[in-house]
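# Reading the structure
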Amino acid sequence: MEKFKYVKPTKEWEEKAIDFIHEFEEMNSPINGTNRLHKYLDSYDAWLDKIEQDRVQPLSENAVPAETFFFVRDNDNKIIGMINIRLALNEKLKKLGGHIGYCIRPTERRKGYNKINLYMGLLYCQEQGIKEVLMDCEKDNVASAKTMQALGGKLIKEWYEDDKYHCVIQDYVIDVDKTIEDNRSVYENFIVENEPSPRR
Ligand SMILES: CC(C)(COP(=O)(O)OP(=O)(O)OC[C@H]1O[C@@H](n2cnc3c(N)ncnc32)[C@H](O)[C@@H]1OP(=O)(O)O)[C@@H](O)C(=O)NCCC(=O)NCCS
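Calculation rules
- Counting of residues starts from 1 at the beginning of each chain's written sequence and follows it residue by residue.
- It should be noted that, the model being predicted, local features are given only for residues of pLDDT at least 70 and side-chain atom pairs only at 80 or more, the latter also being counted only at that level, while totals for whole chains, interfaces and linings use all residues.
- The way it works is that DSSP assigns letters per residue, a run of H or I at least four long becomes a helix, a run of E at least two long becomes a strand, and they are numbered from the N terminus.
- For the radius of gyration, the atoms used are the C-alpha atoms, and the globule rule reads 2.2 Å times the number of residues raised to 0.38.
- A residue pair is marked as a contact if its C-beta atoms, positioned from the backbone, fall within 7 Å.
- Whenever a helix is involved, its axis is fitted only over the stretch in contact; in every case the axis is a line through C-alpha atoms, and angles between N-to-C directions fall within 0 to 180 degrees.
- When an angle is under 35 degrees it counts as roughly parallel; over 145 it counts as roughly antiparallel; between 65 and 115 it counts as roughly perpendicular; any other value is oblique.
- Note: crossing handedness is left-handed where the near helix turns anticlockwise from the far helix by less than a right angle, and right-handed where it turns clockwise.
- In this count, Pro and Cys sit with the nonpolar residues alongside Ala, Val, Leu, Ile, Met, Phe, Trp and Tyr, while Asp, Glu, Lys and Arg are called charged and the others, Gly among them, polar.
- In this scheme the burial state of a residue depends on its C-beta neighbours within 10 Å: 20 or more other such atoms mean buried, 12 or fewer mean exposed, and anything in between means partly exposed; the C-beta positions come from the backbone.
- Think of it this way: DSSP has to see at least two bridges between two strands before they count as a pair.
- Buried Ala, Val, Leu, Ile, Met, Phe, Trp, Tyr and Cys residues whose C-beta atoms connect them within 7 Å together make up a nonpolar core.
- Nearness between a residue and a molecule or strand is assessed with a C-beta atom placed from the backbone; a distance within 6 Å qualifies.

Attention shifts here to the overall build of the protein. Per the secondary structure count, the protein includes six helices and seven strands. Across the protein, helices and strands are ordered from the amino to the carboxyl terminus as β-α-α-β-β-α-β-α-β-α-β-β-α. On C-alpha atoms alone, the protein measures out to a radius of gyration of 16 Å, which is about the 16 Å that the 2.2 N^0.38 rule sets for 200 residues. The principal-axis extent of the C-alpha atoms belonging to the protein is close to 40 × 40 × 35 Å. Taking contacts inside the protein between residues at least 6 apart in sequence as the whole, the part at least 24 apart equals 65%.

As structure tokens, then:
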């Protein structure tokens, strides 16, 4: 059976991380939840420094504390996706962006993997004491909307974003404890033991 784990990015994962991003670029796919890894392909070490700083970043109107993980299939140690979890929100992120950004590499989509990724992300939020997760997506991003809906996401608002994306945005809220309780039997079997705490 396939199993998944979160891995904290380190130097050893450089080659796989770059290969992961190249796949998005080759297939012309949007990238989300990588904490800007695609901007650091020539300076992976600087990206590692950045995510280390983000982890201890004090909350302010310009920055928030955040964790970034590789979502890895344990069977072949392949990076399947990523997730970026904001541990506290400023007003800007409350309006647009929310707690979680995520992605699955194009060749591994439509296998239910992002639902496992989000379930594990919610487990991590629970560990961190976050009770309610805010998330959003473009209304046209059906795959993302359905991921959230499958994991207890309640649509609370639909609005036209006119500054950055110029499209309709859907805002969702997820009750973390309830969603984990409701979905435990479905997803727990896919998770390597001792997760969500990442391998260090
Ligand atoms: C959004 C994304 C992470 C989904 O990953 P995925 O692994 O393909 O998603 P899953 O296979 O877990 O599917 C989740 C749900 O979406 C549905 N879905 C997935 N792709 C779909 C598509 N192209 N069209 C319609 N529905 C789709 C699945 O059927 C499933 O719904 P269900 O529970 O009702 O069956 C992936 O498409 C991606 O990385 N996109 C680019 C980055 C991005 O948009 N991130 C989110 C920004 S808000």
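Where helix H4 (residues 113-127) contacts helix H6 (residues 176-187), the axes come no closer than 10 Å and their chain directions differ by 135°. With respect to each other, H4 and H6 are oriented oblique. Our pair here, H4 against H6, has a crossing hand that is left-handed. Residue-level inspection shows Ile 116, Tyr 119, Leu 122, Leu 123, Cys 125 and Gln 126 of H4 in contact with H6, the latter providing Val 176, Asp 177, Thr 179, Ile 180, Asn 183 and Tyr 187. Residues of the contact of H4 with H6, tallied by class, amount to eight nonpolar, three polar and one charged.

Bringing unusual backbone geometry into the picture now. Phi is positive for Asn 77, close to 55°, though the residue is something other than glycine. The residue Asn 77 is located in the loop between strand S2 (66-73) and strand S3 (78-86) in this model. A positive phi angle, near 65°, is found at Arg 110, a position not held by glycine. Its place among the elements puts Arg 110 in the loop between strand S4 (100-104) and H4. Overall, Arg 110 belongs to the exposed group, with 8 C-beta atoms counted inside 10 Å.

To continue, consider the sheet that holds strand S1 (residues 4-7). Across a sheet, strands are paired by hydrogen bonds formed along the backbone, either parallel or antiparallel in direction. If you trace the four strands from one edge of the open sheet to the other, you get S1-S2-S3-S4, paired in antiparallel fashion. The outermost strands of the open sheet, each flanked by one partner alone, are S1 and S4. Across the sheet, the mean angle from the axis of one strand to that of its neighbour is 25°, orientation sign disregarded. Note: S1 against S2, four bridges, orientation antiparallel. For Tyr 6, the partnering residue across the bridge sits in S2 and is Phe 71. Across the sheet, H4 lies against S1, S2, S3 and S4, angled at about 40° from S3, the strand it touches most.

Moving on, we get to the nonpolar core. One finds Phe 71, Leu 122, Val 133 and Ile 174 to be the most contacted residues of the largest nonpolar core, which totals 41 residues. Setting aside anything within four residues of it in sequence, one finds Leu 122 in contact with Val 133, Leu 151, Ile 174, Val 176, Thr 179 and Ile 180.

Moving on, we come to the site of the ligand. The local shell around the ligand holds 21 residues, among which Cys 103, Arg 109, Asn 114, Ala 143 and Lys 146 are the closest. Listing elements by their share of the shell around the ligand, those giving two or more residues are S4, H4 and helix H5 (142-150). Looking at the shell around the ligand, the element that brings in the most residues is H5, giving six residues. Residues that form the shell around the ligand fall into these classes: nine nonpolar, seven polar and five charged.

In this section: the pairing of strand S5 (residues 132-138). On a regular strand, one side chain projects to one face of the sheet and the next to the other, so that they alternate. Where burial is concerned, most of S5 is hidden: five out of the seven residues are buried. Strand direction decides the pairing type here: S5 and strand S7 (residues 167-175), joined by seven bridges, are antiparallel. Looking at the pairing, Glu 132 lines up with Asp 175 of S7.

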